[in-house]
Amino acid sequence: MAFMPQLTTLLVLGGTGYLAYNKLKANDQANLFHRNLAKLSDLCSDIRLYIHCYGDWRYERTFGEIITFREPAYLRLLHEAQELLGVSEASADFASIAKLREKNHDLREEITSLKQKRFLAPASSSNPLVMTRLKVDAKIAELEAEIFEHDSQINELEDKILKIFSSHSLNLKKEELDYFIISAEGNDLIRLMTIANNMKRIQQSVEKDLVADANNLELAKVYTGMYYISLEAYSLAHDTAFDNIKMYRKKLSLIKFTAESNCMEAQRLIQNTKDDDLPNIGSNLKLNKKTIDIVNLYDGLLERRLDNLKESQENVRHKVEIARNTYKTLENGSSLMSLINDSSNEYSLLMNFEMPELKSIYETGMLTAFMDITEKIKTA
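Residues numbered from 1 in each chain as written. Predicted model: local features only at pLDDT ≥ 70, side-chain atom pairs only at ≥ 80, totals over all residues. Heavy atoms only, no water.

(A) Representation of the overall build of the chain in the model. Summing up its helical and strand segments, the chain has 15 helices and zero strands in all. Buried residues in the chain amount to 44% of all 380 residues. Split by element, the accessible area of the chain, about 20700 Å² in all, is 53% carbon and sulfur. (Helix = DSSP H or I, 4+ residues; strand = E, 2+ residues; numbered from the N terminus. Buried < 20%, exposed > 50% of the residue type's maximum accessible area, 1.4 Å probe, protein only. Areas by Shrake-Rupley, 256 points an atom, 1.4 Å probe, with all protein chains shown as cover.)

Now the structure itself:
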């Protein structure tokens, strides 16, 4: 890899190396990973200082942090590391898709409002300011065309993301990517996957130098420190995802409770409703039952996701302890080669969580209802 000599210099020189490299590559999006790697190297120096100075006490808050409601400085540094590791060449594309989906959501709400107004709109009018049915229809067609254009842009961005992932040996299916984008927990899963992939790329980038110069203790310390801190950040991302998914399940419970209450009310109304109004009540009952079905399906997916995350987190925490022990051992001057040999397959194991799919939702014809519910969870 042509970048390897520069990478070694960056890792050893820290801030100075980063400034020089960043000046050369500031406008090169393709080197986003390397720029963030240099920043992470600088951050690792600060984190190593906390480890040396405070040891196990680094997780405790100072009096100043307590009265200002801040996390311990060490955790704040880990959050910074998590942010750096959670960024990839596809991050901007995911953000663009989120904006386009938000626009489409607003446009669909506007279309729904226009369709309701259409019932009251006159067929024609001599007043040019009056919204006639023809004008309403024209506006709806305009908004639908805008949604179609946004969907085309989203498809292009998804194809771009899949190519980026493929270049890093992350071979996602279109369905899996759709799930990441649509679901409430999608951002959490994307962050975990991105962090794991960037950790793997860091290992691949530095490993060649270490193999070539196994007795370079300073480089070994830097690598082990980055390995350990990256695992800590990855573990922190697991905690965040776990907490978020539990929150999503609580929101689902509220949605289900509301739908069940609506069903009970609809069934009560049916008994005292005239024949002319029965279709409306029946339709409401059917919609609420569909909501309950999709909530049950989605809650089952989230429950399995939590089990999967818990298993992955236990694996990561174990590796954190091993990495911490290795880091302490290196500080006493031991060789790193055993770590390199033992961890060659670790990152593929770290990423071995169940890939989500929309297959079950597609098969039940509930995609639209699923999208509606995930929007409610995100915006609640």
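(B) Representation of a nonpolar patch on the surface. On the surface, a nonpolar cluster with roughly 330 Å² of combined accessible area is contributed by Phe63, Ile66 and Ile67. Judged by relative accessible area, which is 41%, Ile66 ranks as partly exposed. (Patch = residues over 30% accessible without salt bridge, like charges linked within 9 Å, V, L, I, M, F, W, Y side chains within 5 Å. Salt bridge = Lys/Arg side-chain N within 4 Å of Asp/Glu carboxyl O.)

(C) Broad picture of helix α6 (residues 91-118). Counted at 1.5 Å a residue, the expected span for α6 with its 28 residues is 40 Å, and the 41 Å between its end C-alpha atoms agrees. Three or more residues of α6 are buried, namely Asp93, Phe94, Ile97, Leu100, Arg101, Asn104, Leu107, Ile111 and Leu114. (Expected span 1.5 Å × (residues − 1).)

(D) Inspection of the nonpolar core at higher detail. Among the nonpolar cores identified, the biggest contains 68 residues, and Leu40, Ile47, Phe94, Phe165, Tyr298 and Ile377 are the most heavily contacted of them. The biggest single contributor to this core is helix α10 (residues 217-271), with 16 residues. The contacts of Leu40, once residues within four sequence positions are left out, are Ala81, Leu84, Leu85, Ile202, Met226 and Ser230. Grouped together as the second largest cluster of nonpolar side chains are eight residues, Ala121, Val136, Ile140 and Leu143 included. (Core = buried A, V, L, I, M, F, W, Y, C linked by side-chain atoms within 4.5 Å. Contact = heavy atoms within 4.5 Å.)

(E) Looking closely at the packing of aromatic side chains. Following the criterion strictly, the structure yields one aromatic pair and no others. Ring geometry for Phe94 and Phe165: centres 6.1 Å apart, planes at 40°, overall tilted. Residue Phe94 is located in helix α6, and its partner Phe165 is located in helix α7 (residues 133-167); the two are separated by 71 residues in the primary sequence. In this pair, the class of Phe94 matches that of Phe165, namely buried. (Phe/Tyr/Trp six-rings, centres within 6.5 Å; stacked < 30°, edge-to-face > 60°.)

(F) Quick peek at helix α3 (residues 32-54). For α3, spanning 23 residues, the distance from its first C-alpha to its last is 33 Å, which sits close to the expected 33 Å at 1.5 Å a residue. Positive phi shows up at Gly55, right after α3, with a value of about 55°.

(G) Representation of the pattern of salt bridges within the structure. Applying the stated criterion to the full structure yields nine salt bridges. The partner of Arg317 in a salt bridge is Asp239, with the nearest N and O atoms 3.1 Å apart. Remark: Asp239 occurs in helix α10 and Arg317 occurs in helix α11 (residues 278-331); sequence separation between them is 78 residues. For Asp239, a relative accessible area of 28% puts it in the partly exposed group.

(H) Representation of the packing of α6 against helix α8 (residues 174-182) in the model. Here α6 crosses α8 at 65°, and the two axes come no closer than 11 Å. α6 and α8 meet at a crossing whose hand is right-handed. Facing α6, whose interface residues are Phe94, Ile97 and Arg101, α8 presents Leu177, Ile181 and Ile182. Across the contact of α6 with α8, the residue classes tally to five nonpolar, no polar and one charged. (Axes fitted to C-alpha atoms, helices over the stretch in contact; angles between N-to-C directions. Left-handed = near helix turned anticlockwise from the far one by under 90°. Nonpolar A, V, L, I, M, F, W, Y, C, P; charged D, E, K, R; others polar.)

(I) Summary view of a negative patch on the surface. Negative charge collects at one region of the surface, where Glu102, Asp106, Glu109, Glu110 and Glu146 lie side by side. A total of four residues in the negative patch trace back to one element, the largest contributor, which is α6. You can see Glu146 is positioned in helix α7. Using a relative accessible area of 33% as the deciding quantity, one classes Glu146 as partly exposed. (Lys, Arg positive; Asp, Glu negative; His and termini not counted. Charge placed at Lys NZ, Arg CZ, Asp CG, Glu CD.)

(J) Representation of unusual backbone geometry. Phi at Phe69 is positive, roughly 55°, even though this residue is not glycine. Its location among the elements puts Phe69 in the loop between α4 (63-67) and α5 (73-85). Judged by its relative accessible area of 74%, Phe69 is exposed.

(K) Quick look at empty space enclosed by the protein. Taken as a whole and judged by the stated rule, the model has three cavities of 30 Å³ or more. In this structure, the largest cavity spans a volume of roughly 60 Å³. Every residue lining the largest cavity is listed: Ser88, Ile164, Phe165, His168, Leu170, Met193, Thr194, Asn197 and Asn198. Considering every element that reaches the lining of the largest cavity, the biggest residue donor is helix α9 (residues 186-212), with four residues. (1 Å grid on protein atoms, 1.4 Å probe; cavity = no way out; pocket = protein on both sides within 12 Å on 5 of 7 lines; lining within 4 Å. Points joined across faces, edges and corners; volume = space filled by probe spheres on them.)

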